[in-house]
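The chain contents come next:
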Amino acid sequence: RALPSPCRRVMVVYKYFLGNLDKHRACTRMDSNTDTGFMNSSDYEQIINDLKADSTFCEYKFSPSEITDYVKMEDVADSTDEHKLVIAYSPTCTLPCTDSYPGPYNFELMLDGSTSHKRSWVYSEMLQKVFIDINKTLLIQFRLSPNAGDLRVRALPVYSIADFLNIPVQRCALHMLNSDPQHQAHSEDNKVCYCANYSWVRHVVQSSHAAAIYDYDSASDRHSVVVPLDSPQPGSETVVVAYHFTCKTSCPQGMQRRPISVVFTLETSQGDVVGRQCLSVKICSCPKRDKEREEADNP
């Protein structure tokens, strides 16, 4: 039933024993002057007062993480002045979306083959997958139509197989050793990220962009890098962003040979997702060799 106006924006659950449920129901008084079946303000206050008088009554407030990653209230423009609850999922939530979504800006992702080299990175048209060596630069071109300002692109590594999608992609202990030998970049008790003090040690995907922001979602334990999308240079329709990867797909205690993809989300300054593209990636020592092997295994 719809709550009265003073209570619409309050998210509270009142817990009491089921044995007292009939008694509380008996206290519910319906407005005899209406046939809508909704409680008015006085009805609601009477029920709450009756509940508080019960010794078993306790008040429980939901924390945001118990509902979803982000929760916001939106007004519904209608004659009843009702409100609805809109769940806005974070792009770094436990189960991030990997579906292609060009969105209102026709968000596209492209690779410049002229920068490819067998010892740095190669792209398989058959597999639609990038094979790249660790710490080698991958130039990715982003195109919008129409171009717009105040947008940014987030790069989030995720596991491609559904069985592991809920697990955050982490660097292995060996590749973190030089930057954080004492494993102090993260506090396991309160999930505070101190990667900024240790060369962004736990971020698998990094960018050389001067304004790159390294983000950590404590709810999902995911690391991502956010880069502002600059305007295209004169004579160009794309914006180029340089990325590199700091751990191998085959590393034990890390990705453990599980295939990964990088989800690129186009976001507004408020964090709303207005576009999404996904790129399969394998980080390995011999990109050309691994590409040929996987293509041979998938004729």
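Residues numbered from 1 in each chain as written. Predicted model: local features only at pLDDT ≥ 70, side-chain atom pairs only at ≥ 80, totals over all residues. Heavy atoms only, no water.

How we decide: UniProt positions are given in the numbering used here, feature names are shortened, and annotations may be inferred rather than shown by experiment.
The name recorded for the chain in an unreviewed UniProt entry is p53 DNA-binding domain-containing protein, from Homalodisca liturata. What UniProt records for the chain under Subcellular location (unreviewed entry) is the sentence "Nucleus". Per UniProt, the comment on the chain under Sequence similarities (unreviewed entry) is "Belongs to the p53 family."

### Quick word on the pairing of strand E17 (residues 273-283)
What counts here: For two strands to count as paired, DSSP must find a minimum of two bridges between them. Counting from the N terminus, the helices are DSSP H or I runs at least four residues long and the strands are E runs at least two residues long.
Both strand E7 (residues 129-132) and E17 contribute to a ladder of four bridges, which runs parallel. Bridge pairing in E17 places isoleucine 132 opposite isoleucine 283.

### Topic: the pairing of strand E13 (residues 213-217)
Bridge count for E13 against strand E14 (residues 222-228) is five bridges, and the pairing is antiparallel. Residue pairing for E14: aspartate 215 is matched across the bridge by serine 224. Linking E13 to E14, which pair antiparallel, is a turn of four residues; within it aspartate 221 sits at a positive phi near 65°.

### Brief notes about helix H5 (residues 287-297)
Working note: α-helix, 3.6 residues per turn, so residues spaced by three or four point in the same direction. Note the threshold: Exposed residues in this analysis have more than 50% of their type's maximum accessible area, buried residues have under 20%, and partly exposed residues fall in between, with area computed by a 1.4 Å probe over protein chains only. Arc definition: it is the arc formed by the directions from the helix axis to the C-beta atoms. Whether two residues are in contact is decided by their heavy atoms: any pair within 4.5 Å suffices.
Restricting attention to buried positions, one finds in H5 the residues Pro287, Asp290, Lys291, Glu294 and Glu295. What you see down the axis of H5 is that its buried residues fit within an arc of 130°, all on one side. Residues of H5 that are exposed and point over 90 degrees away from its buried face: Arg293, Ala296 and Asp297. Looking at the packing, one finds that the buried side of H5 touches strand E6 (121-124), E7 and E17.

### Considerations on the state of the cysteines
Heads up, the condition is: A pair of sulfur atoms, both from cysteines and within 2.5 Å, is called a disulfide here.
A complete count under the given rule lists zero disulfides for this structure. Free of any disulfide, cysteine 97 has its nearest neighbouring cysteine sulfur in cysteine 93, separated by 8.7 Å. Classification of cysteine 97 by relative accessible area gives partly exposed; the value is 34%. Of the cysteine sulfurs around cysteine 193, a residue in no disulfide, the closest is that of cysteine 195, at 3.4 Å.

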